[in-house]
Structure formats: C-alpha cells, structure tokens
Amino acid sequence: MEAAMKIDSELVHVGERKRLNADAIPSTTPIYLGTTYLYESAATLDSVMGHHREGHSYSRYSNPTNEALEQLMAMLEHGYGALATASGMAALAIALETALLDRPRSIVAARSIYGATISLLDQIFVTQGVEITYADACDLDAFTAAIEKSKPGCVFLESISNPLLRVARLDKIADAARAVGAAVVVDSTFATPLLMRPLDFGAHLVVHSATKYLGGHGDVLGGIVVSDEAHYAAMRSLARILGPSLGSFEAYLTLRGMKTLALRFRRQCENAKALAEWLRTHPKVERVYYCSDASHPDAEAIRALFAPGLFGAIVSFEIKGADKSKIFAFMDGLKMIVPGTSLGDVHTLLLYPLIASHRDVAPKMRERMGIRDNLVRVAAGIEDFEDIRSDLEKGLAGIQ
Ligand SMILES: *Cc1c(COP(=O)(O)O)cnc(C)c1O
C-alpha cells in the first residue's frame, strides 16, 4: 500500500485504520469520530447495509461510542434498546413521532410539562395535524377520562413535574392508555433510573435530557430515548432519516459522567431532603415543595413509584412577601450556588421560574399553574450540605 502511493494518497491513507492487537481491549470506550465503517469484503458491507448482519456503516445510523451509552441506558431503564440524540428536545421529538407511527395522530399530554415540550407540541406537532389535549395528570380521574374520550395515539407525561414536583400515577395511566391502544411516552429527566423506571410501570418509551443528571457536570448537551422491543426498530429507522444523532465526543462525556451517577444522585437527594427540612423551619420561607413531605398531594404515587428512601434532588420554595426585585436581591446575595437555568449538575443551581422556565407563560396562566412570583427552585448539587445551607442563608438575609 505505502510505497506505491503518491503523496496526496499517502496523506489520506497512511497510519489509518490500524487494528488493535487482537487481544488488547481499551479499558474505556474510545471516542470514535470515524463517520464511515468498512469491512474486509463488499459482501459483508452489503449485508450490514441491508441489516442482515449487525455492524456499523455510517455514524448517523450508529457509532460504537454512542452504542456503549445506548446499551448502558437500555440496561438501566429495563428497556430493549436506546437511541442517543443531540439534545433532550431531539429525543422527545423522536419518541413522540415514533409513538404516533401507525396510530391516530393525537396526543393526550400532562398540563404541567417542560416549556419547550409545550412549544414542540403546539408549534410543531399541531401544524402537522396532530391533535393535542392537555389534562392534569395528577387528577387521575380527569386524565383517564381524557384518554378514554379522545382515544389518542400517544399519552405523554413527565415522571416529576417542574417546578412544583407533582407525581402522577404512571402505572394507572399506562393501564388506561393500553386499553385504548395508545403508546405511553415519559420524560424522566428529573427522576433518573435511580428514582423511577417508567418502563416497569407500563411506559413504552422513556426520554431523558442527558444534559442534566446523566452528564451531570454542565458540560454536555444530549438526549436519550429508551424503547421497549415493539417500538425499537421504528425509532431507529426514523432516526436514520431525521438524523438527530449525538456526537461521539458528547457520548463519551455522558458515559464518563454516568460512571458516578449513583454516587452523585444519592448525594444530591440527601442534600435536597436536608434542605427541604431546614427551609421548612426558616422564618422567611412561606412554603416548601419536596417529595418527602408527608402531606404531599401525590404521596401515594410517590410511595408506589419511587425507589425507597429517595425523593429526588429538586426542592422548590416560596419566600415570604417576595416580589421580583426581592428575589433578585436574594439571587445576587448567593456566593456559591449558581443562579441559572438547568439542573442535575454537581454544583447546586438556583432557578427563578419567572425569568427562566416559565418566562413566556402569561402571568394569569402562571398563577393558575400555582407558580407564584415568590417561587424559586433549587437543584441540589454534591457540595457539603452546610455550605449550601449557609449560602442560601446569606441570600435570604439580603432580602429586606
Ligand atoms: C432540559 C429538559 C428538557 C430538554 O432537554 P435539552 O437537553 O435541553 O434539549 C426536556 N425535559 C426536561 C424535563 C428537561 O429538564
């Protein structure tokens, strides 16, 4: 090969495509940046391209780094297979489109869902002729009545709602959906597979924004769909056409992050629980929202669906008499906690829904959703609890 080629060809070929020593195996999955895969014979390539034989051929279809992440997520969520995507939103779009293939073009969706998901449904799916019905997923009778009435192709909800942390009876909702032939899609970003596995309770497709807990370090944007066996082939063939593939560097970062997911998430849950308990006793705090609360409106669902002893890593709370300017003073008083948007990172992050997640929701609508102007949301990080507590104390002390 070498001697016969001219320099222009050498520049392209020499040193490339080296086989590793037959029995040498890298201890962590490398970042495979190659977009194309070749085989010893054209006949093998032909059978890979024709799906008669497993193998990679082109990175929009599959890639060894992404495959490692997909196998891990499928295992964790008790699914059949998974698809890694470039963002949580890309994962949601693929999951919902997969659910609607060969089914009526209609979705019954929980009312309190992620803002961009509402935009996806109202601005993209509606214009493609999909009928959307919103109902309160935590009002089981109303939600199942909406399913029975509209007999949708898909039912969509989140495992834990944002920012009021409501939890719907997924198991019962999945029964109602199954009875009318609807596929159940769950965005489980807030729960992670450590807190809840939606497929175990009857969901067909589970979505994560890997940008949050899975990546966990605020340095990677990504998404994952985990599917049951029935929807897997359709999901992958949709993705081959639409091309939402995660880059292999991002797949690597997510895999690296996930090695410590259990350690991080358990610690974040512990910190959140301790925070909720402390905030409840604070004279400047009006109300605390957290899933361990004995008087939580969905305590029964939490008992039925959550892993024992874990209640999630998000706490929301209202500050007494605070308006927007007082909340700003509180946020400016924080020294360690990161004021921003996102969640699930190793650092504690504080979000003010009014200027972030619920910025585009009309004030009247926000009020009806129960999201008041004095509400903030804390995503607990892995820091020492005392440092998180004293930083919040500093912020609260800054409110006159
Ligand atoms: C962040 C988030 C998304 C969107 O994920 P991206 O990775 O930002 O595209 C979807 N659902 C929930 C619940 C989220 O928190």
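Just above, that's the structure.
Calculation notes
Residues numbered from 1 in each chain as written. Predicted model: local features only at pLDDT ≥ 70, side-chain atom pairs only at ≥ 80, totals over all residues. Heavy atoms only, no water. Pairing = 2+ DSSP bridges. Helix = DSSP H or I, 4+ residues; strand = E, 2+ residues; numbered from the N terminus. Contact = heavy atoms within 4.5 Å. Axes fitted to C-alpha atoms, helices over the stretch in contact; angles between N-to-C directions. Expected span 1.5 Å × (residues − 1). Buried < 20%, exposed > 50% of the residue type's maximum accessible area, 1.4 Å probe, protein only. Arc of directions from axis to C-beta. Polar contact = N/O pair within 3.5 Å; in protein donor to acceptor, adjacent residues only side chain to side chain. Salt bridge = Lys/Arg side-chain N within 4 Å of Asp/Glu carboxyl O. Parallel < 35°, antiparallel > 145°, perpendicular 65-115°, else oblique. Left-handed = near helix turned anticlockwise from the far one by under 90°. Nonpolar A, V, L, I, M, F, W, Y, C, P; charged D, E, K, R; others polar.

(A) Geometry of the sheet that holds strand β12 (residues 375-379). Read from one edge of the open sheet, five strands run β8-β9-β12-β11-β10, paired in mixed fashion. With partners counted over all chains shown, the strands left at the sheet margins are β8 (285-289) and β10 (338-339), one partner each. Each of β8, β9 (314-319) and β12 is contacted by helix α11 (residues 261-280), which is oriented at about 15° to β9, the strand it contacts most.

(B) The arrangement of the sheet that holds strand β3 (residues 131-135) in detail. Strand order in the open sheet formed by seven strands is β1-β7-β6-β5-β4-β2-β3, with mixed pairing between adjacent strands. The open sheet terminates on both sides in strands that have one partner only, identified here as β1 (81-85) and β3. Averaged over all pairs of adjacent strands, the angle between their axes in this sheet comes to 20°, without regard to strand direction. Alignment of strand β6 (residues 205-209) against strand β7 (residues 223-227), held across five bridges, turns out to be antiparallel. Its bridge partner being in β7, Leu 205 is matched across the sheet by Ser 227. Sitting on the sheet, helix α5 (residues 115-125) is in contact with β2 (106-110), β3 and β4 (154-158), with an inclination near 150° to β3.

(C) Quick look at helix α15 (residues 385-397). Compared with the 18 Å implied by 1.5 Å per residue over 13 residues, the 18 Å span of α15 between its first and last C-alpha is a close match. Residues Phe 385, Ile 388, Asp 391, Leu 392, Gly 395 and Leu 396 constitute the buried set of α15. The buried side chains of α15 occupy one side of the element, clustering within an arc of 140° when seen end-on. For α15, the N-terminal capping position is held by Asp 384, with its side-chain oxygen 2.9 Å away from the main-chain nitrogen of Glu 386.

(D) The pattern of salt bridges, seen in detail. Taken as a whole, this structure holds 12 salt bridges when the rule is applied. Linked by salt bridges that have partners in common, Arg 169, Asp 171 and Glu 300 make up one network.

(E) Here's a closer look at the side chain of Asn 162. For Asn 162, the location among the structural elements is in the loop between β4 and α7 (170-179). Of note is the side chain of Asn 162, whose polar atom sits 2.9 Å from the side chain of Arg 377. For Asn 162, the contacting residues outside a window of four places in its chain are Phe 190, Ser 357, His 358 and Arg 377.

(F) Representation of the side chain of Asp 298. In this structure, Asp 298 sits in the loop between β8 and α12 (299-305). Those residues within four positions of Asp 298 in sequence are excluded, and the remaining contacts are Cys 138, Arg 166 and Val 167.

(G) Geometry of the packing of helix α4 (residues 88-100) against helix α9 (residues 229-242). In contact at an axis separation of 9 Å, α4 and α9 are set at 125° when each is read in the N-to-C sense. Accordingly, the angle class assigned to the pair α4 and α9 is oblique. Between α4 and α9 lies a crossing of right-handed hand. On the side of α4, the interface is formed by Ile 94, Glu 97 and Thr 98, while α9 contributes His 231, Ala 234, Met 235, Leu 238, Ala 239 and Leu 242. Considering only residue class, the contact of α4 with α9 consists of six nonpolar, two polar and one charged.

Function cannot be read off these values alone, since they describe shape.
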